[in-house]
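# Structure at a glance
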Amino acid sequence: MTLSTHTLFLCAATVLFGCTKRETPVQIGNREQILHRNAGSEPQDLDPQTTTGSVESYIQDALFEGLVAWEPDHTDPVPGAAERWDISKDGTVYTFYIRPDAKWSNGDPLTAQDFVFSYQRLFSPALSGPYAYMHYVIKNAEAYTKGEITDFTLVGVKALDEKTLEFTLRAPTPYFLRLVRDRSAYPVHPPTILKFGTLDERNTKWTHTGNLVSNGPFMLEFWQTNRKIKTVKNPHYWDAETVRLNEIHFYPIEDMVSEERAFRTGQLHITKETPPDRIKFYRENHPDLIRLDDWLGTYFYEINTTKPPFDDMRVRQALAMSLDRDKIVKYVCKAGERAAYCLTPGDMAGYTSTTKIEYNPEKARKLLAEAGYPNGEGFPKTELLYNTHKAHMSIAEVVQQLWKESLNIDIQLLNMEWKTYLAMKHEHKYDVARASWIGDYIDPSTFLELYITGGGNNNAGWSNEKYDALLMAAGKEMDPAKRNALFQQAEEILINEVPMIPIYYYRNKALVHSAVKNWHHNPLDRHPYKYVYLEADE
């Protein structure tokens, strides 16, 4: 970036009066090891057991650490809060040995019982943890979550002593080490939780400034709503010597144009993404700054199947078949995204769906007519909900146009800020809504389990007993070929009944300053901050 002639003139004219160029936050950060990152929105909360967005996970990954952790350049599980683990010969019992020097940010020792407390909280029916279903591989976890049993000692999570934690699974689970690395399995500090509420109470003040106690490489300094979240190095972290950053500042910038401007003017080291109309510029002029990598995630529209006319499968099929996804990725996304015709991104642990949604506007019109709406006549007022974001708005406008052209139905666009948008989806107060899912681990189950009956992230309200049974069977199947065959059958049901409309598969589009080191690409876009540091080019 170059200064304008006018600005240069002003500085030259006043140099005798002490005019000096101010350092930017990035320049100061490079010198003092302060990382500035945009989270993309104001977080719903910092509670790892009640939140689901990437916005929150960016911050939680700095504050907390699970039994198993991340390396900067690969996704294989490595020791985290646990220094090692044993796995029984039959693959159903995992024993973790927590580090003797693992502590909370207030100096309290991190214990096995802290993890037991955290899992009891996650599975508590009253808390209704959105990720609880992912951990149903643990013995009796599902029964406890659904209130079928009330004695938590029957659940397969046990503290054998102060530093030894044992899990008993209902069946061998090849991805279990990756599962305990998920943010929903991060430990929470029992005395802090109970100081501000009960074990199973949501939205208390335990995550507020001055209250939050965590066990990760950083701890919360302050949270200024809609301005900034500041985290600082945790002196009690067991591996504090490895941590080179002193602070991480997270910002809630939703507008991509403002975000990119902040990057250009030295306010940010890392953006969440890049405006589509600026991607070509960076590709041609600063390819070293833009990270265009495949990301294990799917962008889709969720349909509220609990209300008419969307409880009619033919209506949902018509909506799905009338979208020209290739047009969307070419003219709106512009970063090389692939059009999505099924939920799973493909080639995960050898699995790629063989069932796809077809693009067939003529068939879509016939289905809509069969459902009682020939040429769109009589179709009720429909709202398309999305959270505040220019790209979401652009896609929604194209979809609105395509549905009008193909089906002759009128769609009203409804834009809401992040917290309201999440609440409306969770409470089924919407017709069609933007949604997305980023894989928590590289396995089809992380996507397909979204739509199990009653799952915490099943905002479509869809239910299919055969689908549930197939995923249950896949969870117990150890033969990879047979397991993938079960997933194929399940995804065929999902695509046929269409509670969600896949649109495209994600690509990372972040801008990363050249001073940021140890920030490597991986398909899950996870970056352990303990290894990140800043080193400005001379």
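Residues numbered from 1 in each chain as written. Predicted model: local features only at pLDDT ≥ 70, side-chain atom pairs only at ≥ 80, totals over all residues. Heavy atoms only, no water.

### Comments concerning the sheet that holds strand β9 (residues 228-233)
Strand pairs in the sheet, formed through backbone hydrogen bonds, run parallel or antiparallel to each other. On the basis of which strands lie adjacent, the open sheet formed by 4 strands has the order β1-β10-β9-β8 and mixed pairing. Each end of this open sheet is capped by a strand with a single partner; those strands are β1 (34-38) and β8 (218-224). Neighbour-to-neighbour, the strand axes of this sheet turn through a mean angle of 20°, independent of strand direction. Taken together, the 6 bridges between β8 and β9 define a ladder with antiparallel strand orientation. When the bridges of β9 are listed, Q224 appears paired with K228. (Pairing = 2+ DSSP bridges. Helix = DSSP H or I, 4+ residues; strand = E, 2+ residues; numbered from the N terminus. Axes fitted to C-alpha atoms, helices over the stretch in contact; angles between N-to-C directions.)

### Regarding helix α3 (residues 54-63)
Across the 10 residues that make up α3, a large majority, 9, are buried. Where α3 is concerned, the buried positions are V55, E56, S57, Y58, I59, Q60, D61, A62 and L63. Those residues of α3 that are buried are in contact with β1, β8, β9, β10 (247-251), β11 (290-303) and α14 (418-426). (Buried < 20%, exposed > 50% of the residue type's maximum accessible area, 1.4 Å probe, protein only. Contact = heavy atoms within 4.5 Å.)

### Topic: the environment of I270
Locating I270 in the fold gives a position in the loop between α8 (256-264) and α9 (276-285). Distance from I270 to E259, taken between C-alpha atoms, is 9.4 Å for residues 11 residues apart in sequence. Sequence-distant contacts of I270, that is, excluding residues within four places in its chain, are made with L35, H36, R37, N38, L511, V512, V516 and W519.

### A few points about the state of the cysteines
For the structure shown, the criterion picks out 0 disulfides. Looking at the unpaired C333, the closest cysteine sulfur is the one in C342, lying at 16 Å. (Disulfide = S-S within 2.5 Å.)

### Focus on the nonpolar core
Of all hydrophobic cores here, the largest spans 150 residues; its most connected members are I138, F167, Y301 and W403. In this view, W403 contacts Y301, L319, S322, L323, N408, I409, I411, V432 and I501; residues no more than four positions away in its chain are not counted. Counting 8 residues, the second-largest nonpolar core is a separate cluster that includes F263, Y282, I290 and L511. (Core = buried A, V, L, I, M, F, W, Y, C linked by side-chain atoms within 4.5 Å.)

### As for the packing of aromatic side chains
What describes a pair of aromatic rings is the distance from one ring centre to the other and the angle between the planes of the rings. Throughout the structure, instances matching the rule amount to 26 aromatic pairs. Ring geometry for Y94 against F176: centres 4.8 Å apart, planes inclined by 55°, an arrangement best described as tilted. Of this pair, Y94 sits in strand β5 (residues 93-98) while F176 sits in helix α6 (residues 176-179), and the two are 82 residues apart along the sequence. Judged by its relative accessible area of 0%, F176 is buried. (Phe/Tyr/Trp six-rings, centres within 6.5 Å; stacked < 30°, edge-to-face > 60°.)

### Section: the confidence of the model for the protein chain
Here the protein chain averages 94 in pLDDT, and 96% of its residues register 70 or above. Ignoring residues within four places in sequence, the model shows residues 1-19, a span with pLDDT below 50, making 5 contacts including any to other chains. (pLDDT = per-residue confidence, 0-100.)

### What about the sheet that holds β5?
Read across the sheet, 4 strands follow the order β4-β5-β7-β6 without closing on themselves; strand pairing throughout is antiparallel. Strands with a single pairing partner mark the edges of an open sheet, and in this sheet they are β4 (82-87) and β6 (157-161). When strand polarity is set aside, the average angle formed by the axes of neighbouring strands in this sheet is 25°. For β4 and β5, the ladder comprises 5 bridges, and the chain directions are antiparallel. Paired with I87 across the bridge in β5 is Y94. Sitting on the sheet, helix α4 (residues 112-123) is in contact with β5, β6 and β7 (164-168), with an inclination near 165° to β6.

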